[in-house]
Amino acid sequence: MPVTGALQWDWRESYVVLLAFVVPGWLLVHVPVLVPAVFGALLAAGVGMRVRRIAEWWTVLRSGEVAVVDSASSTSVGASTRRLSHATGWRVHRGWFTGDITESVVSYTIAGEQRRLEIRGLPYTSGIVLAHPLTPKAQCVSDLPFDLRPTDGGRWSASVPEKFWPGACATVGLYGFLVVGAVISARHLWF
């Protein structure tokens, strides 16, 4: 499961890489010593964000429980066209959506304690919320990069969505570009 999170495509990363090389490109041409540093900084930032994201849901999966959802309220935060995930029970629907994007505040109970979870995307309907009873960590199953189902033995069964693999290949390509760029630019600069 961590491999799925590590390989999940994130358009924001590719956008940041594009901006880091197109917008300040003139600076990189005039000060070539910055080229390896930019590659290294982008690589470190991307890996750090992925590790943090994986750690968030890994904690919930390792010792989390299904929370009891008490109520949910949604407010519109604007309109756009984007790829979203929406959960109905354990089933997660992923696809392109055009229209109002909402921020839902879900109130849930875990271990007798009331808590809240904010979900951005489509209005929350009935997705399963997994929460850790001892920490404030919680996730809706639509926030996970894979489809999750409970098994009879009290464990989870995970499967990747159909459209995961093209994004995984693009992610490997993006990070491969950053690693190769860092190595080549450092070698060129120092040798």
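Structural data are supplied above this passage.
Residues numbered from 1 in each chain as written. Predicted model: local features only at pLDDT ≥ 70, side-chain atom pairs only at ≥ 80, totals over all residues. Heavy atoms only, no water.

Participant: Explain the overall build of the protein chain to me, using residue names and the numbers behind them.
Facilitator: Helix and strand counts for the protein chain stand at five helices and nine strands. In sequence order, the protein chain lays out its α and β elements as α-α-α-α-β-β-β-β-β-β-β-β-β-α. Each of the three principal axes of the protein chain carries a C-alpha extent, and together these read 60 × 40 × 30 Å. Considering the protein chain as a whole, with its 191 residues, one finds that 36% of them fall into the buried category. Accessible surface, the protein chain: about 11,300 Å² in total, of which carbon and sulfur atoms supply 63%. Side-chain charges of the protein chain comprise 17 positive and 13 negative groups, with the mean position of each set lying 7 Å from the other. (Helix = DSSP H or I, 4+ residues; strand = E, 2+ residues; numbered from the N terminus. Buried < 20%, exposed > 50% of the residue type's maximum accessible area, 1.4 Å probe, protein only. Areas by Shrake-Rupley, 256 points an atom, 1.4 Å probe, with all protein chains shown as cover. Lys, Arg positive; Asp, Glu negative; His and termini not counted. Charge placed at Lys NZ, Arg CZ, Asp CG, Glu CD.)

Participant: With reference to specific residues and values, describe the sheet that holds strand β1 (residues 65–66).
Facilitator: A sheet is described by the order of its strands in space; here three strands give the open sequence β1-β6-β7, paired in antiparallel fashion. Strands with a single pairing partner mark the edges of an open sheet, and in this sheet they are β1 and β7 (138–140). Against the sheet, helix α4 (residues 34–63) makes contact with β1, β6 (129–131) and β7, and its axis sits at roughly 90° relative to β7, the strand it touches most. (Pairing = 2+ DSSP bridges. Contact = heavy atoms within 4.5 Å. Axes fitted to C-alpha atoms, helices over the stretch in contact; angles between N-to-C directions.)

Participant: Explain the packing of helix α2 (residues 11–22) against α4 to me, using residue names and the numbers behind them.
Facilitator: Relative orientation of the contacting elements α2 and α4 amounts to 165°, with a least axis distance of 11 Å. On the basis of their axis angle, the class for α2 and α4 is roughly antiparallel. Our pair here, α2 against α4, has a crossing hand that is right-handed. Between α2 and α4, the residues in contact are Glu13, Val16, Val17, Ala20 and Phe21 and Val38, Phe39, Leu42, Gly46, Arg50 and Arg53, respectively. Grouping the constituent residues of the contact of α2 with α4 by class yields seven nonpolar, one polar and three charged. (Parallel < 35°, antiparallel > 145°, perpendicular 65-115°, else oblique. Left-handed = near helix turned anticlockwise from the far one by under 90°. Nonpolar A, V, L, I, M, F, W, Y, C, P; charged D, E, K, R; others polar.)

Participant: I'd like a description of the environment of threonine 102, backed by residues and values.
Facilitator: Checked against the element boundaries, threonine 102 lands in strand β3 (residues 91–110). Classification of threonine 102 as buried rests on a relative accessible area of 8%. Measuring from C-alpha to C-alpha, the distance between threonine 102 and valine 77 comes to 5.3 Å, with 25 residues separating the pair along the chain. Setting aside chain neighbours within four positions, we find threonine 102 in contact with Ser74, Thr75, Ser76, Val77, Ile119, Arg120, Gly121, Leu122 and Pro123.

Participant: Describe the sheet that holds strand β2 (residues 68–89), and please don't skip the residues or the numbers.
Facilitator: Spatially, four strands are ordered β4-β3-β2-β5 in an open sheet, and the strand pairing comes out mixed. Two strands bound the open sheet, and with one partner strand each, they are β4 (113–121) and β5 (126–127). Here β2 pairs with β5 via two bridges, running parallel. The partner of threonine 88 across the bridge, within β5, is serine 126.

Participant: Tell me what's going on with the pattern of salt bridges, and back it up with residues and numbers.
Facilitator: Overall, the coordinates contain five salt bridges when judged by the stated rule. Note that arginine 50 and glutamate 13 form a salt bridge whose closest N and O atoms lie 2.7 Å from each other. Residue arginine 50 is located in helix α4, and its partner glutamate 13 is located in helix α2; the two are separated by 37 residues in the primary sequence. Per residue, the accessibility class of arginine 50 equals that of glutamate 13, and both read buried. (Salt bridge = Lys/Arg side-chain N within 4 Å of Asp/Glu carboxyl O.)

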